[in-house]
Amino acid sequence: MDKLKNNTNTEKNVELRRDVTVWGSFMWGFADVGANVCVALGLVIAATQGVAPLAFALAGIVYIMIGLAYTELASAYPVAGGGQYFALRGLGDFWGFVSGAALLLDYTIDIALFAVACAGYINFFFPYIQQFKITIGPFVNINPLWCLESVVLIGFLIWLNIRGVRESSFLNEMFGVIEILSESALIIMGFVFAWKPEFFIHQWAKEIPTMHNFMYGSSLAIISFVGLESISQAAQETRRPATIIPRTSITLIFSVFIFAIAFSTLGLGMLPWQTIAAHEGDPLAVLGTAIPYIGYIAGPFAAILSAIMLLISANTGVMGASRLTFCMSQFKLIPSWFNKIHQIFRTPARTIVIFSTVGILETVLAFLTPRAMDTLANMYAFGATLGYTLVFISLIKLRFSDPYTPRPYKMPLNIKIKYKKNTIEIPILGIIGMCGVAIILVEVILTHEIGRIAGPAWVLLCFIFYVWYRMKSGQPVFKSAKKDWESEQKEVLKSAEEFDLLEQYEYALLERDKTEGKKDEAK
């Protein structure tokens, strides 16, 4: 049985099994991002009105640079943990924990938001449930039936993920072809039969949002592109990740960007933005219904398709949260209790149950507000933008601190400089992307009334837990515990069966040691 070495102590932990294929890796990301468009389309159009495609485009450009950064890092460091692991390697324990806390917020909300949205699309066929409202004390117009549906869906996903990543990944792969072909067909049929360019131009020119609303909408648009984190989370369970991850990530980047721009442009050329905004819970079903000749079929079909996509995205959230905390516990950022593997299914069952339960709690609390989906979406962007900012900083830092690790893929547009007698390539797109994500983070803080309070509060609560644990275990709070990253990297490459990269890495370290040895002899 393969073992994953924990470099913070002498214990050995069972490694997550590598069962994710090329298609499975792609669908982990596409399922998450594709479902995000189903949710974000109505929310973004409600805020940005006639210029929604511009909001999606600006967020999409930043997303492309985020995607390229993740592609480089995930293929170089194919370990469960994603952005949290990259921040840990590049910036140390404290910032690794902060990144993990931010991304964990996103994953738990991912579970809640997309389970709620999935149930909403299912209720397209059961309008009584969707319209059911009661008042309980101070809580007015709440929908306990919709809430119950969402909780049941999360419970099903808990069971599925405990069974194993092969079964969980199969759910993504099984519907993958149907999703992509169906979305493409909906876009093509919409443009052929219903899109009016003059109506699109009219809304673009006349329906202009306020600057505050555009900032709010463009910051919401970034959630349409959250999904690459999922691919990196599955890196430790992906076969030959150095080869697979660049292929799947780059394909995902551009396919999702095209879908997001296409849907927003299609919608504003078919219907008034007010109509789409009024149906922010099921915008794709509304678009499908509005297509002449086939609307009576396209509307229900879009609802079914969206429900499947959203269920898969919630499934991705369960998987991501469990793998993220699995990685954090291995490096003593949280107690080792979290990294225990189920003896039969070899999955992190404890973290699956705990953080999916957090998603259930968030779901119930959201339904105590008048607009559950808006409440959840309001917090969603904070964790993503904070985590992505730290990823870009880590990318740049690792170019300097770890030039010896082979990078099967590098972000384009680099400037070579000499640093400590090493040739370092400074990523220009990485710097631009970091600035872009930082701007969106500022937009979130300025315009998200719930997110700017709940997001930092979550990170603060996690930090208090981190301080308690580190002090209890005798570790530094703001400094990093000593780790043998070179041995860690060798184990990672060996486990991934990337033997060519392992040979390159060992040769680079040998050359470094020879150079340093000559310096010592000269002294």
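Bear in mind that the values here come from a model prediction, so they are computed numbers and not experimental data.

Inspection of the sheet shows strand S3 (residues 134-136) paired to strand S4 (residues 139-142) by two bridges, in the antiparallel sense. Looking at S4, one finds that Ile136 is bridged to Phe139. Connecting the antiparallel pair S3 and S4 is a turn made up of two residues, with Gly137 showing a positive phi of about 60 degrees.

Moving on to the side chain of Arg470. With respect to the secondary-structure elements, Arg470 resides in helix H18 (residues 451-472). At a separation of 2.8 Å, a polar atom in the side chain of Arg470 contacts the main-chain carbonyl oxygen of Pro476. Ignoring anything within four residues of it in the chain, the contact list for Arg470 reads Asp93, Lys332, Leu333, Gln475, Pro476, Val477, Lys479, Ser480 and Ala481.

Evaluation of the coordinates by the stated rule reveals nine salt bridges. Glu72 is the salt-bridge partner of Arg399, the closest N and O atoms lying 2.8 Å from each other. Of this pair, Arg399 sits in helix H16 (residues 372-401) while Glu72 sits in helix H2 (residues 52-76), placing them 327 residues apart in sequence. On the basis of relative accessibility, which here comes to 1%, the residue Glu72 falls in the buried class. Taken together, the salt bridges that share partners define one network made up of Glu72, Arg399 and Arg407.

The subject of this paragraph is the pairing of strand S5 (residues 414-419). In summary, the side chains of a regular strand alternate between the two faces of the sheet. Relative to strand S6 (residues 422-427), S5 runs antiparallel, the two being bridged by six bridges. Counterpart to Lys416 in the pairing with S6 is Glu425. What sits between S5 and S6 in their antiparallel hairpin is a turn of two residues, with Lys420 showing a positive phi close to 50 degrees.

Our next topic: the packing of aromatic side chains. For the structure shown, the criterion picks out 25 aromatic pairs. With 5.1 Å between their ring centres and 70 degrees between their planes, Phe94 and Trp95 make a pair best called edge-to-face. We classify Trp95 as partly exposed; its relative accessible area is 40%. Consider the rings of Phe97 and Tyr466, whose centres lie 4.4 Å apart with planes at 25 degrees: the pair is stacked. With Phe97 in helix H4 (residues 93-122) and Tyr466 in helix H18, this pair connects stretches of sequence that are 369 residues apart. Tyr466 shares its class with Phe97; the two are buried. A connected cluster of aromatic rings, assembled from ring pairs, spans Phe94, Trp95, Phe97, Phe463, Tyr466 and Phe478.

Quick notes on the rules
Position numbers for residues start from 1 in each chain and track the written sequence from start to end. Only residues with pLDDT of at least 70 are given local features in this predicted model, and only at 80 or more are side-chain atom pairs given and counted; all residues enter the totals for whole chains, interfaces and linings. Side-chain metrics rest on all non-hydrogen atoms present in the structure, leaving aside hydrogens and water. For two strands to be treated as a pair, DSSP must find at least two bridges joining them. By definition, any uninterrupted DSSP run of H or I lasting at least four residues is a helix, any uninterrupted run of E lasting at least two residues is a strand, and each is numbered from the N terminus. Whenever two N or O atoms come within 3.5 Å, that pair is a polar contact, provided that in protein one can donate a hydrogen and the other can accept it, and provided that, for residues adjacent in sequence, both atoms are side-chain atoms. In what follows, a contact means two residues having at least one pair of non-hydrogen atoms within 4.5 Å. Within this document, salt bridges are pairs made up of a side-chain nitrogen of Lys or Arg and a carboxyl oxygen of Asp or Glu, the two lying within 4 Å of each other. Only protein chains enter the accessibility calculation, which uses a 1.4 Å probe; a residue is then buried when its area is under 20% of its type maximum, exposed when over 50%, and partly exposed in between. The criterion for an aromatic pair is that two Phe, Tyr or Trp rings (for Trp, the six-membered ring) have centres within 6.5 Å, with stacked assigned to planes under 30 degrees apart, edge-to-face to planes over 60 apart and tilted to the rest.

Honestly, it's all geometry; don't read function into it.
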